[in-house]
Amino acid sequence: MRILILGSGAREHAIAWKLKSEIGSENIYISPGNAGTQMCGTNANIGVSDFESLKSYCIENNIDTIFPGSEEAIANGVRDYFEANDDTKHIYVFSPDKFAGQLESSKAFAKEFMQELSIPTAAYKSFTINELEEGYSFLESLKPPFVLKADGLAAGKGVLILDDLNHAKKSLNEMLANQKFGSASDKVVIEEYLDGIEFSVFALTDGDNYVIFPEAKDYKRIGEGDTGLNTGGMGAISPVPFYTSDVHDKTMNQIVIPTIKGLKLQNLNFRGFVFFGLILVDGNPMVIEYNARLGDPETEVIIPRLDESLSQMIMDAKRGKLTSKIAKTVTKYAATVFAVSGGYPEHYEKGKKIDNFSDSDTLFHAGTKRDNNGLVTNGGRVLAATSYGDSMDEALKSSYDTLTKVNFNRMFYRKDIGHDLKKY
Ligand code: AMP
Ligand code: GLY
């Protein structure tokens, strides 16, 4: 296998790190990659949606498999593009096509899918600009807080949770009439608020069979105690202490299996990963959202816990030989804690020298690059320190120890990753 991974985050570093141990760095390419992926393969400085350039690069380097890390290339139709070209259709793009990718890229599409298949999720309705009045009436029929979601991709910013009815109505108007989130909010999903604790489950699939990866919990807010703005993720833990065998059984029977069957039933060209963003409400799992890829920073804990060959699973999927099962997983805990640039997720500076730096095996890079000064910051989220432990505390302690050895100007990280899980 000669694989091109699309992306430049710690998720892509973790995937490249795992694949390196299986197929060797000479068979791994990452576009555009970062200073960490460089240690696992060859970085190609091409944007994930520059399909023309990716095509030439794949042909030149005999790439036979493409692994999109983030949703961007999937939503822009990377699989459709490679399948439509005679000289690239032999390349196996491990993702859904653009239409099936709507499971992530359109919230209305995902909600309709769940409703048709009776998959537990919040009650909802969707509205366009011509249905503004109906939208107001629907809001009036709900109890606060009100959940408003831009239908399309909005870089994690398209969900508003509001306590006040008038504020919710005003926001609905801004989304539909004033394109608050651009064309992503041409349609708005309004849904019932669910009160519970969130977690994530992942299935690798060929559209027919599936392998269940370890579950994880991520930490999205910038501030301790889950306060402040949303980020791309500040940390993650796997396994999830409240993911009991009862929760697992319900998740499998009510959500995972019906979803995979539903993809086939609805003739969707889906393969790659289904990321189930779930919430446990009174002991029952419900779907908050689907993604068509692995999560970040969840990947930085679930890939290190995977005790099986990832490349073999991808090859099995390609050859139609995948059999449904739960992936073998190490029993150890894994924790990851992200070091970010001061000011992130708002304004921050790049190019800060990263001092005292010694690479360790599972210190995954995100916004890093090498220049004449050595290693420098190149983004908001910079390094994800992943560690194993016999307990969650042990894994966390080890990640925090790693971060005390890293330093750059205005480096920040949350000190409370996993604290909410100690009671389980
Ligand atoms: P999404 O982009 O759909 O994952 O939503 C972003 C975040 O908003 C989720 O991770 C939840 O924390 C929150 N959220 C979304 N939908 C709901 C809901 N129906 N009830 C409560 N919280 C929600
Ligand atoms: N950790 C959430 C995401 O990857 O969307």
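Residues numbered from 1 in each chain as written. Chains lettered and ligands numbered in written order. Predicted model: local features only at pLDDT ≥ 70, side-chain atom pairs only at ≥ 80, totals over all residues. Heavy atoms only, no water.

J.: Explain the sheet that holds strand S11 (residues 210-212) here, please?
T.: As a general point, the strands of a sheet are linked pairwise by backbone hydrogen bonds and lie either parallel or antiparallel. If you walk across this open sheet you meet the 5 strands as S15-S14-S10-S11-S16, and the pairing is mixed. A strand with exactly one partner marks an edge of an open sheet, and here the two such strands are strand S15 (284-291) and strand S16 (325-326). The pairing of S11 with S16 spans 2 bridges and is classified as parallel. Residue Ile 212 lies in a different strand from S16, and its bridge partner there is Ile 326. (Pairing = 2+ DSSP bridges. Helix = DSSP H or I, 4+ residues; strand = E, 2+ residues; numbered from the N terminus.)

J.: Whenever I open this one, the site of ligand 1 confuses me. Can you help?
T.: Taken together, 14 residues surround ligand 1, and among them Glu 191, Glu 192, Leu 194, Glu 198 and Glu 289 come closest. At 3.2 Å, a side-chain N or O of Lys 107 approaches an oxygen atom of ligand 1. Coverage of ligand 1 by the protein chains reaches 86% of its 470 Å² of free accessible surface. Elements supplying a minimum of two residues to the shell around ligand 1: strand S7 (146-150), strand S8 (159-162) and S15. Partitioning the shell around ligand 1 into residue classes produces 7 nonpolar, no polar and 7 charged. (Near = heavy atom within 4 Å. Polar contact = N/O pair within 3.5 Å; in protein donor to acceptor, adjacent residues only side chain to side chain. Areas by Shrake-Rupley, 256 points an atom, 1.4 Å probe, with all protein chains shown as cover. Nonpolar A, V, L, I, M, F, W, Y, C, P; charged D, E, K, R; others polar.)

J.: Would you mind showing me how to read the side chain of His 365 here?
T.: Among the secondary structure elements, His 365 is positioned in strand S18 (residues 363-365). Under the relative-accessibility criterion, His 365 is labelled buried at 0%. (Buried < 20%, exposed > 50% of the residue type's maximum accessible area, 1.4 Å probe, protein only.)

J.: Explain the pairing of strand S14 (residues 272-281) here, please?
T.: Remember that side chains alternate between the two faces of the sheet whenever the strand is regular. With 10 of its 10 residues buried, S14 lies for the most part within the structure. As defined by bridge partners, strand S10 (residues 197-205) adjoins S14 across 9 bridges and the pair is classed as antiparallel. Residue pairing in the sheet places Phe 199 in a bridge with Leu 278 of S14. Pairing between S14 and S15: 7 bridges, direction antiparallel. Its bridge partner being in S15, Leu 280 is matched across the sheet by Pro 285. The loop that links S14 with its antiparallel partner S15 comprises 2 residues; one of these, Asp 282, has a positive phi angle of about 50°.

J.: Even after reading the chapter, I still don't get the sheet that holds strand S5 (residues 92-93), so can you show me in this structure?
T.: As summarised here, the arrangement of the 5 strands in space is S3-S2-S1-S4-S5, forming an open sheet in which the pairing is parallel. Two strands lie at the open edges of the sheet, namely strand S3 (42-43) and S5, each paired on one side alone. When strand S2 (residues 28-32) meets S3, the two strands line up parallel, connected through 2 bridges. Its bridge partner lying in S3, Ile 30 is registered against Asn 43. Lying over the sheet, helix H1 (residues 10-23) contacts strand S1 (3-7), S2 and strand S4 (65-68), oriented at roughly 165° with respect to S1. (Contact = heavy atoms within 4.5 Å. Axes fitted to C-alpha atoms, helices over the stretch in contact; angles between N-to-C directions.)

J.: When you look at unusual backbone geometry in this model, what are you seeing that I'm missing?
T.: Note on backbone geometry: most residues besides glycine have negative phi, and most peptide bonds are trans. A cis geometry characterises the amide bond from Asp 296 onward to Pro 297, with omega recorded as 15°. Looking at the element boundaries, Pro 297 is found in the loop between S15 and helix H10 (299-305). Of note, the amide linkage connecting Tyr 344 to Pro 345 takes the cis form, showing an omega dihedral of 5°. Its place among the elements puts Pro 345 in the loop between strand S17 (333-341) and S18.

J.: I would appreciate a short explanation of the packing of aromatic side chains in the present structure.
T.: Here the distance between the centres and the angle between the planes together describe a pair of aromatic rings. Counted according to the given criterion, the structure contains 19 aromatic pairs. Among the aromatic residues, ring-to-ring pairing joins Phe 67, Tyr 92, Phe 94, Phe 213 and Phe 273 into one connected group. Here Lys 217 stacks its cationic end above the ring of Tyr 219, 4.2 Å away from the centre of that ring. Its guanidinium or amino end placed over the ring of Phe 338, Arg 381 lies 4.4 Å from that ring's centre, counting from NZ or CZ. (Phe/Tyr/Trp six-rings, centres within 6.5 Å; stacked < 30°, edge-to-face > 60°. Lys NZ or Arg CZ within 6 Å of the ring centre and 35° of its normal.)

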